[in-house]
Amino acid sequence: PPVNRIEVEQYRAFCLIALGRMTDAERAVAALVAADPKYAPSTNVASPRVLSLVSEMRARELPAIARRLLDTGREAFQQKDFARAQAELTLLLELLGEDSMKGRPETADLLVLAEGFVTLADARLAEARAAEARAAETRAADASLADAGAGPSAPASAARELLTPPVPIEQDPPPWI
């Protein structure tokens, strides 16, 4: 699980730093930051040397992680998994607001894209919740009709599902000015 992975990578990084194997420690910290982009060790747990290494590695890894979060968020949006898209892109917005991402050339573009996708995901989630609420109301109305002895509810709900909204067959375009 991700929680265990973060803990394992943290212990691995601490051990490698203690052993003086800085190249391996950098890889372990990079894996730790990839597992939890918001990771920052507590000053009570880590030495200043560890804190500076983690800070340095986060600054180095965050641009690639931001790009990955945008890609996975966009992919989730395209797959209509709006909750996951919203979570990925909200995390991206949090990372873009950090000091280590300020002043980077790609930050402004990623910020615009992430904000746009979050707005779209929020709208789609609201639409889905509204549709679920309407469906629940319909089921409740059908159940109350059936309980009142108004007959079976299947024909009424089937008629509602078959009903399609009207569409214009012929429409004159507005005049060119």
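Structural data are supplied above this passage.
As the structure is a prediction and not an experimental result, all values here were calculated from the model. (Residues numbered from 1 in each chain as written. Predicted model: local features only at pLDDT ≥ 70, side-chain atom pairs only at ≥ 80, totals over all residues. Heavy atoms only, no water.)

> Tell me about the packing of aromatic side chains, and please be specific about residues and values.
Counting across every chain of the model gives two aromatic pairs. Note on phenylalanine 77 and phenylalanine 82: the rings are 5.2 Å apart at their centroids and 65° apart in plane angle, and the pair reads as edge-to-face. The same class applies to phenylalanine 77 as to phenylalanine 82, namely buried. Centroid distance phenylalanine 77 to phenylalanine 117: 5.5 Å. Interplanar angle 65°. Geometry classified as edge-to-face. Of the two residues, phenylalanine 77 is situated in helix H3 (residues 48-78) and phenylalanine 117 in helix H5 (residues 107-147); the sequence distance between them amounts to 40 residues. Each member of the pair, phenylalanine 77 together with phenylalanine 117, is buried. (Phe/Tyr/Trp six-rings, centres within 6.5 Å; stacked < 30°, edge-to-face > 60°. Buried < 20%, exposed > 50% of the residue type's maximum accessible area, 1.4 Å probe, protein only. Helix = DSSP H or I, 4+ residues; strand = E, 2+ residues; numbered from the N terminus.)

> Residue-level account of the packing of H3 against helix H4 (residues 82-96), with values.
In the contact formed by H3 and H4, the axes pass within 8 Å of each other and the chain directions differ by 155°. Comparing the axis directions of H3 and H4 gives the class roughly antiparallel. For the element pair H3 and H4, the recorded crossing hand is left-handed. Counting all contacts with H3, which are made through Arg58, Leu62, Ile65, Ala66, Leu69, Leu70, Thr72, Gly73, Ala76 and Phe77, the residues of H4 involved are Phe82, Arg84, Ala85, Glu88, Leu89, Leu91, Leu92, Leu95 and Leu96. Per-class residue counts for the contact of H3 with H4 are 14 nonpolar, two polar and three charged. (Axes fitted to C-alpha atoms, helices over the stretch in contact; angles between N-to-C directions. Parallel < 35°, antiparallel > 145°, perpendicular 65-115°, else oblique. Left-handed = near helix turned anticlockwise from the far one by under 90°. Contact = heavy atoms within 4.5 Å. Nonpolar A, V, L, I, M, F, W, Y, C, P; charged D, E, K, R; others polar.)

> Tell me about the environment of alanine 87, and name the residues and values.
Topologically, alanine 87 is positioned in helix H4. In this structure, the C-alpha to C-alpha distance between alanine 87 and glycine 73, residues 14 residues apart in sequence, is 7.9 Å.

> Explain helix H2 (residues 22-35) to me, and be specific about the residues and the numbers.
Its 14 residues give H2 an end-to-end C-alpha distance of 19 Å, which sits within 8% of 20 Å, the value for a rise of 1.5 Å per residue. Three or more residues of H2 are buried, namely Ala25, Ala28, Val29, Ala30, Leu32 and Val33. (Expected span 1.5 Å × (residues − 1).)

> Quick rundown of the nonpolar core? Include the residues and the values.
By size, the foremost hydrophobic cluster in this structure holds 36 residues, and its most contacted members are Val29 and Leu92. Looking at this core, the elements that each hand over two or more residues are helix H1 (2-19), H2, H3, H4 and H5. Ranked by residue count, the leading element in this core is H3, at 11 residues. Discounting residues that sit within four places of it in the chain, valine 29 has contacts with Ala13, Leu53, Val54 and Met57. (Core = buried A, V, L, I, M, F, W, Y, C linked by side-chain atoms within 4.5 Å.)

> Residues and numbers for the environment of alanine 13, please.
Relative to the helices and strands, alanine 13 resides in helix H1. Sequence separation between alanine 13 and valine 50 is 37 residues; the distance between their C-alpha atoms is 8.7 Å. In contact with alanine 13, not counting residues within four places along its chain, are Ala25, Ala28 and Val29.

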